[in-house]
Amino acid sequence: RRAALPLREVVLVATMLDHPALIGRHFDQFARLELTNPALAEFRAALLDIVMEDEDAVAETVRARLGASRHAALLPRLDAQLAGAGLWTAAAAASDEDAERGWLQALTLHHRQRTLHKELKDAEAALASETSEVNFARLVDIQKQLANVEGTEALIEGFGSSSGRRARSM
């Protein structure tokens, strides 16, 4: 059994796979996205190549081309991981509008998480070089922020309505 891919990275790549029209709107952000998983980074590169060759490519065409490539085994893994996590916004059934909102949310959280991981390393180094209450408090604060980022789901008014989903009321 293969280990799960980083879920947020899966969302960021799979959303563009199933909504290739969004790549044109977010090309630079998607192309420069720091991905920790090499297989996802290579998959993203292949996806970008396909869309650069055919700017009007639709999801079915993109999937067919990737399915005929060395990246074929990754397609069912992405789909299964998204389905297992219930992340419908990244799937083809979501409207481009909902997919884009979900992608932008995941992108923001991804950037925040990467920044916090860098800050955590700095805080750990500071604490190692000088044990103090201030350095310890900073380390604990960053750890709490990381925990919050990893569990954050934004509540966006009307989110899902363009995909035919009813909004939840609190």
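The sections below set out a description of the structure shown in this document. (Residues numbered from 1 in each chain as written. Predicted model: local features only at pLDDT ≥ 70, side-chain atom pairs only at ≥ 80, totals over all residues. Heavy atoms only, no water.)

1. Regarding the overall build of the protein chain
- Regarding its fold elements, the protein chain presents eight helices and zero strands.
- When the helices and strands of the protein chain are listed from N to C terminus, the series reads α-α-α-α-α-α-α-α.
- Counting only residues that meet the buried cut, the protein chain has 38% of its 170 residues in that class.
- With the model as given, the accessible surface of the protein chain reaches about 10100 Å², and the carbon-plus-sulfur share is 52%. (Helix = DSSP H or I, 4+ residues; strand = E, 2+ residues; numbered from the N terminus. Buried < 20%, exposed > 50% of the residue type's maximum accessible area, 1.4 Å probe, protein only. Areas by Shrake-Rupley, 256 points an atom, 1.4 Å probe, with all protein chains shown as cover.)

2. What about the pattern of salt bridges?
- This model, assessed by the stated rule, comprises ten salt bridges.
- When the shortest N-O distance is used, the salt bridge between arginine 63 and aspartate 18 registers 2.8 Å. One end of the pair, arginine 63, is in helix α5 (residues 59-67); the other, aspartate 18, is in helix α1 (residues 7-18), and 45 residues separate them in sequence.
- Between arginine 138 and aspartate 141 there is a salt bridge, with the nearest N and O atoms lying 3.5 Å from each other. With a gap of three residues between them, arginine 138 and aspartate 141 both fall in helix α8 (residues 133-151), about one helical turn apart.
- Here aspartate 141 falls in the partly exposed class, since its relative accessible area comes to 33%.
- Through salt bridges with shared partners, a single ionic network connects Asp18, Arg63 and Asp79. (Salt bridge = Lys/Arg side-chain N within 4 Å of Asp/Glu carboxyl O.)

3. Comments concerning the nonpolar core
- In this structure, Phe30, Leu47 and Leu66 are the most contacted members of the largest nonpolar core, which totals 32 residues.
- Elements with a contribution of two residues or more to this core: α1, α2 (21-25), α4 (38-53), α5, α6 (74-85) and α7 (96-129).
- Those residues in contact with phenylalanine 30, other than ones at most four positions away along the chain, are Leu12, Val13, Met16, Ile23, Arg44, Leu47, Leu48 and Trp103. (Core = buried A, V, L, I, M, F, W, Y, C linked by side-chain atoms within 4.5 Å. Contact = heavy atoms within 4.5 Å.)

4. Brief notes about the side chain of arginine 44
- With respect to the helices, strands and loops of the structure, arginine 44 is situated in helix α4.
- Look at arginine 44: it is buried, it has no salt bridge, and the nearest opposite charge is glutamate 9 at 8.4 Å.
- When sequence neighbours within four positions are dropped, the list of residues in contact with arginine 44 reads Phe30, Ala31, Arg32, Leu33 and Leu35. (Lys, Arg positive; Asp, Glu negative; His and termini not counted.)

5. Quick notes on the packing of α4 against α6
- Packing of α4 against α6 brings their axes to within 12 Å, and their N-to-C directions diverge by 110°. In this view, α4 runs roughly perpendicular relative to α6, as classed from their interaxial angle. Facing α4, whose interface residues are Ala39, Leu40 and Phe43, α6 presents Leu74, Leu75 and Leu78.
- Grouping the amino acids of the contact of α4 with α6 by side-chain chemistry returns six nonpolar, no polar and no charged. (Axes fitted to C-alpha atoms, helices over the stretch in contact; angles between N-to-C directions. Parallel < 35°, antiparallel > 145°, perpendicular 65-115°, else oblique. Nonpolar A, V, L, I, M, F, W, Y, C, P; charged D, E, K, R; others polar.)

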